[in-house]
Amino acid sequence: MWLIAGIAVLAFLLAPAVVESYFLRIVSLALMYLILTTGLNIIAGYTGQVSLGQAGLYGIGAYTGAILAAKLGMPFWLCLPAAMAVSGLFGLVLGAPTLKVSGHYLALITIGFGVIVEKILVEWQSLTGGPMGLAVPAVTFFGHTLSEQGFYYLSLGLCILTLWITNNIIHSYFGRAFSAIRDNELAASCMGINLTRYKLLAFVLSAVFAGAAGCLYAFYSAFISPDSFSFSLSIFFLLTIIVGGAGTIVGPIIGTLLLVILPEYLHFLDKHRLTIYGALLIVSVIGMPQGIVGAIRKKFPRIINFMPPAEVSHHPIPRNTDNYSTGNILEMQNVTKRFGGLKAIDNFSMTIKSKTVHSLIGPNGAGKSTLINIINGVYHPDEGKVTFRQKDLIGHKPDRIALAGAGRTFQNVQLFRNLTVLENVMVGGHGKHKINIFTTILRSKKAREEEQRSYQQAWSLLKFMGIDDKVSEYAASLSAGQQRLLEIARALAMEPKLLLLDEPAAGLNDTEIKQLMKIIKDIKENGITVFLIEHHIDFVMDVSDTVTVLNFGSKIAEGKPNEVQSNPDVIKAYLGTEEADVC
Amino acid sequence: MPELLISGLVMGSIYALLALAINIIYSTTGIINFAHGELVMLGGMFGLVLVVNIGLPLVVGIVVAGGIVAVFAILLYYSTIKPFGDNLGGSLGWLMATLGAGIIFRNVAMLIWGSHPRPFPPLGGSELINIFGVNILQHEIWVLVITLLIAIFFNVVLDKTILGSAIKATASNRNTTRLMGISAEKMVLACFGMSGAVAAVAGFLISPITFAGPEMTVSIGLKGFGAAIIGGLGSSRGAFVGGLILGILEALSMTVVTPGYKDAIVFLVMILTITIKPEGIFNVTYEKKV
Amino acid sequence: MKKKIVISTLIMLSFLVMTVIGISPSIAAEKEFLIGSVGCMSGPAAMLGKNLRIGVEFAVEEINKTGGINGMNVRAIFRDDEADPTKALTLVRELVEKEKIHAFIGPTNTTCAIAIQPYLVAKKIIQLNGGTTGTVLIDPKGFPYSFRTHINDKDQAIFLVKEAIANGFKRIAVVHDTSALGMGVQKDMKDVLDSHDMTAATFATYNANDIDMLPVARKLKSADPDIILMFTLMADGARLLKAMERLDFLPPKVAIQGYAATALPIFRELAGNASKGVWSLAPYNSTYSKTDPGLPEVVALAKKIEAAYPGDKGKDLNLFTIFSYYDCAQLVRVGVARSKSLEADQIKAALESLDSYEGAQANYSFSSTDHEGLDPSKLVTVDANQLKHGMYLRVEK
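Since this is a predicted model, take the numbers as computed values, not measurements.

Considerations on the overall build of chain A
The secondary structure content of chain A amounts to 25 helices and 14 strands. By its C-alpha atoms, chain A is 90 × 50 × 45 Å across when sized along the principal axes. A total of 583 residues make up chain A; the buried ones form 54% of that total. For chain A, contacts bridging at least 24 residues in sequence account for 76% of all contacts bridging at least 6.

Examining the overall build of chain B
Secondary structure summary: chain B contains 11 helices and two strands in total. Taken from N to C terminus, the helices and strands of chain B fall in the order α-α-α-α-β-β-α-α-α-α-α-α-α. Relative to the globule expectation of 19 Å for 290 residues, the C-alpha radius of gyration of chain B, 18 Å, shows essentially globular dimensions. Sorting the 290 residues of chain B into buried and exposed places 58% on the buried side. Counted over contacts in chain B with a minimum sequence separation of 6, partners at least 24 positions apart contribute 76%.

What about the interface of chain C and chain B?
Between chain C and chain B, the residue contacts involve 20 residues of the former and 20 residues of the latter. At the level of elements, helix 2 (46-65), helix 7 (214-222), helix 8 (234-246) and helix 9 (265-271) of chain C are the ones that each hand at least two residues to the side of chain C that touches chain B. With three residues, helix 9 of chain C is the largest single contributor of residues to the side of chain C that touches chain B. Partitioned by chemical class, the residues of the side of chain C that touches chain B number 10 nonpolar, five polar and five charged.

Description of the sheet that holds strand 4 (residues 126-129) of chain C
In a beta sheet, neighbouring strands are held together by backbone hydrogen bonds and run either parallel or antiparallel to one another. Residue and element names in this part refer to chain C. Across the sheet, which stays open at both edges, the five strands sit in the order 2-1-3-4-5 with parallel pairing between neighbours. Only two strands of the sheet have a single partner each, and these edge strands are strand 2 (73-80) and strand 5 (146-148). Here the strands of the sheet are splayed against their neighbours by 25° on average, with no regard to which way each runs. Pairing of strand 3 (residues 103-105) with strand 4, which is carried by three bridges, proceeds in the parallel orientation. Following the sheet pairing, A103 is matched in strand 4 by I126. Contacting strand 1 (32-39), strand 2 and strand 3, helix 2 crosses the sheet at an angle of about 170° to strand 2.

Some details on the pairing of strand 11 (residues 498-502) of chain A
All names here are of chain A. Of all five residues in strand 11, five are buried; the element is thus mostly enclosed. In this sheet, strand 11 lies alongside strand 10 (residues 406-408) in parallel orientation, the contact comprising three bridges. The residue of strand 11 that forms the bridge with A406 is L498. Here strand 11 runs beside strand 12 (residues 529-533); their pairing, made up of five bridges, is parallel. The residue bridging L501 from the neighbouring strand is L532, located in strand 12. Tracing the backbone out of strand 11, into helix 21 (residues 510-525) and back to the parallel element strand 12 gives a crossover that is right-handed.

Some details on the sheet that holds strand 8 (residues 383-388) of chain A
Residues and elements named next belong to chain A. Taken in spatial order, the four strands make up an open sheet running 6-5-8-9, and their pairing is antiparallel. For this open sheet the edge positions go to strand 6 (342-353) and strand 9 (391-392), each flanked by a neighbour on one side alone. Of the pairings in the sheet, the one linking strand 5 (residues 328-339) to strand 8 comprises five bridges and is antiparallel in character. Counted as the bridge partner of L330 is F388 from strand 8. Together, strand 5, strand 6 and strand 8 form the strand contacts of helix 15 (residues 368-376), whose direction differs from that of strand 5 by roughly 115°.

Some remarks on the domain arrangement of chain A
Residue and element names in this part refer to chain A. In terms of domain boundaries, chain A breaks down into domain 1 (44-229), domain 2 (236-264 + 273-302) and domain 3 (328-581). Distance between the C-alpha centres of domain 1 and domain 2: 21 Å. Taken together, the contacts link nine residues of domain 1 with seven residues of domain 2. For the side of domain 1 that touches domain 2, the leading source of residues is helix 7 (residues 148-170), giving four residues. Looking at the side of domain 1 that touches domain 2 residue by residue, the classes come out as five nonpolar, four polar and no charged.

A short note on the pairing of strand 5 of chain A
All names here are of chain A. Both strand 5 and strand 6 contribute to a ladder of eight bridges, which runs antiparallel. Bridged to K337 within strand 6 is I345. Between the end of strand 5 and the start of strand 6, which pair antiparallel, lie two residues, with G340 showing a positive phi angle near 65°.

Examining the interface of chain B and chain A
With 36 residues of chain B at the contact, the number on the chain A side is 32 residues. Elements supplying a minimum of two residues to the side of chain B that touches chain A: helix 3 (58-81), helix 4 (93-113), helix 9 (218-231) and helix 11 (262-276) of chain B. If you tally residues by element for the side of chain B that touches chain A, the top one is helix 4 of chain B, at 12 residues. Taken together, the residues that form the side of chain B that touches chain A break down as 25 nonpolar, eight polar and three charged.

What about helix 2 (residues 36-54) of chain B?
Residues and elements named next belong to chain B. The end-to-end C-alpha distance of helix 2, which contains 19 residues, comes to 26 Å, matching closely the 27 Å that a straight helix rising 1.5 Å per residue would cover. The element helix 2 is extensively covered by neighbouring structure, given that 15 of its 19 residues are classed as buried. One or two residues past the end of helix 2 sits G55, with phi positive at roughly 95°.

Calculation rules
- Residues numbered from 1 in each chain as written.
- Chains lettered and ligands numbered in written order.
- Predicted model: local features only at pLDDT ≥ 70, side-chain atom pairs only at ≥ 80, totals over all residues.
- Helix = DSSP H or I, 4+ residues; strand = E, 2+ residues; numbered from the N terminus.
- Buried ≥ 20, exposed ≤ 12 C-beta atoms within 10 Å, placed from the backbone.
- Contact = placed C-beta atoms within 7 Å.
- Rg over C-alpha atoms; globule rule 2.2 N^0.38 Å.
- Nonpolar A, V, L, I, M, F, W, Y, C, P; charged D, E, K, R; others polar.
- Pairing = 2+ DSSP bridges.
- Axes fitted to C-alpha atoms, helices over the stretch in contact; angles between N-to-C directions.
- Right-handed = clockwise from strand over helix to strand, strands pointing away.
- Domains from an automatic or database assignment.
- Expected span 1.5 Å × (residues − 1).

Here it is as structure tokens:
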């Protein structure tokens, strides 16, 4: 990878000597656009929030820089960070409304944002000069005006800096969090990722880069007008990412350079350029959804080869050393949950003693998964109280509950499909990272240490689960049983006090079930409480300290496994128990 | 003031027509067709050819254009939605694809017809009628009436017939509807066809006001989405009401701020609606992926 | 690893190939005179570019028939800037540095012109502006190589007000949009009125591209003017007239005169009946009268253009804009011929020495302090509805 990068940088450094200056202008523009599209990739490619308003942020950066320079006489070196800050702020404004919505609502909000910015640029004539535009003073460096070539190198430098920063962000827990949000918001939230904070962060990052690009462009052109910041530019930016390959560092590079430079050789197609863009959009999205990078990777499969860490722990299950005063880690009192007219959970109360394995069984549709979802914060109960480690749980989001020490797996496996197995588990360790975004960008010693620790822990957990031979594969390629083990490993990476397992044995064969039993016993030995939903009655009876039985949302029995097994109400509810084993 | 309200109602009806067509596609596929504005434009352009160049009477022109644009809408479905199969909720590929299709429609239209706006004959001629002291065109009355009729039609079909339930069922769960013997594909095709026909009608109604040209629906198209959202996606009553509200809001905003900001206000209202109450006025269940 | 090296080498090679192609000079024929032209050829304003292209192409054809420029064959190169200043500058740079043009005609939009003119000055390229009307664009000190053949906004505004006063109108109303152009016009008109101790009946403003013009129309009517001066973009003006029709306030009840854009055929088509009797303005040479069919060469040229673009194809053409661009190309020829040089400074001096050049559009005069070829004295009031071979009928008072 470094070889390619090195050759590329060299080529770009030498370019001004070999190339005509009008062509240099095109490359300079491409580099400025690349700063923006790399940022756009963070929010759209990595975090999965499709933003069609980048031209607006670009325009805000350009006009901020231009206005500060033209009206206040500020030098470029101050205008640039100011433009980035203002754009970043507007990134917040753009991102905030989008947090609760997705898909086309998100797209429409971003489109609307772009249009509003365009209109303001045109109408607020006293500030922006209106449709006639604004002239921008030249950039001076100790009295010398920055030349064409100087600007080229400036753009190149800033572009490389952008790529470096983005690279550091992506290969850190921030980057994993972004990808997790894109792949599975629910699971991401349950792993302790605060959706609001990270989405907004991604928006702000993309806005800061867009603002930098805009400011650079304004000074480069010496004149800006609203015509340059239209909705079609936003579409163009997104197109470069789609064509190049969203969610990769290289994708925007290929896409932007291609779509800016290639048309210069195809002037005879000028009339059809927009039609071609439209067609490219359709073709890429249908035939080549991973872009050019994806197509290359299909032909030359990326050999991701994670190396084992220096030390692999043989006892990776995190030890829980908490002492519980009451001995109960979780208490549910009179919880009721309705969906529409249906009462899914009816006046349910239960206590889970700490450091035990507590199972929940019941016929299909009894409401078992709903209970886990209530504990975990995915659903809020309509009545009743839930306390976890003496703290009231109700009203908190899943990520806060996760960070408080509740890890979980899902009935329908919720993996991060586009991340590798190892990265999936590392996402589980999200809450353990302490460094902030700036330390991450700088790749400080602390950052590297945290990353190393997370890497090591994830590897060790996977080895313990017996699937360390699959660390470099994409999560989707694992078998059903392996995926369940992966989910458990991911949950353990959170270092939970309470582990919620929703039908972990579903789809496992006998060997795998035996392995699972051992794993659960190991988990319990390390002081972690396990709350388990299952249909495999033998499994439940073998592994549990306490069993609760649920039917139609109400508790019908509770006690030690053998007590429950011989309870007549339980037997009645399970008429035709044999089917329960077939999941 | 009354003229302002009338022009607000007229534009509002246009937005309502767009919203109704957008809504029918949403009801059956769960997605928004981002090329809808261009379908309306095609209705207007084909209208030009049929009525102005060839000389067909307006009513015949509307019918023929309706058929042509319906075909385009179905082609749109095959090229941009169908390839995603049942996995429409999985990614935003359809959004990019329909956007791309819209761009293609617009630019090819420009290549064929040139980009300048052309006059378009209004329904009922250009004579002004005086009603309660206000001069209006017969055309404007037609706009209101036709929009109302189409709104009622959709409301009845979607909300009150079995066909309507089948259409909505297709959006929620394709496999189940297939198992029940309803051809999901036929439902979707029918809806796209209807959407195209309504787009053509909208094209005929709006061209006399904005002049016909490939760029005529660039901003109106986006406002159509806004209207659909404000009223509530999934409700044809919502589409109708949302459109009218948007039109009147736009007209009124011109008295408060510089006219240039009216587009900005419209989009601001749309953004606020999505933020505060994405289900819109008529409260249709908004499905967020859980 | 090997595969990675292969890929990276391929990528680098392709970059090198591109840069090499970028370096190589374009294959220009021996000793050709190249005129570069950038304008808006696509999108809503595409007709501006079309008029530019036709005017220049016709001129180039004629010039080549009569021996070219200084014995060299002339070739025109056109590029589409889509009215985007960023693209305009990129294209102009390509034309100057790669194609090595000798002269430049265009662009078609004021913001594009602002973006490219400093560069053209730095590279010493003669620029003829045939249709971009922003007043700031022509400035012999700031833009020494830029000359304009089309009447600029300020002069049109001055002409309209002066004509109205001269013809005895007392209550003059003005309607314009809120863009920089519109607001600039308001100021220019106010200045003229002030110098005659008059005030306008009203200045009615609206926003460009507005669909509903009734409020503006009402404001105009309630000011009770005897003449309304329109400085409106084409589609807006058409909608305004239709709104006035609703209020039953059109000629002959009130006189209405618009600036150059209201002479365009499309404007009249869009406004339909409402444009009957509405006056416009045009440079003298583009007009005819009942007794005077116009200069024979101009009529001949007009007929030629009409023949080349019959019927529907000719619908969005505006002859006097085409004439303006035609004249641009001819002026390039004249400048080079008189100075016997390809150097911008010499051509500039030659053009500045022209005090009466009979073009197709009008009679031009330049000087070292004035690079505007036309001034208000060269304009006349016309009835744009009476076109003959693309020329306008003069309104005799």
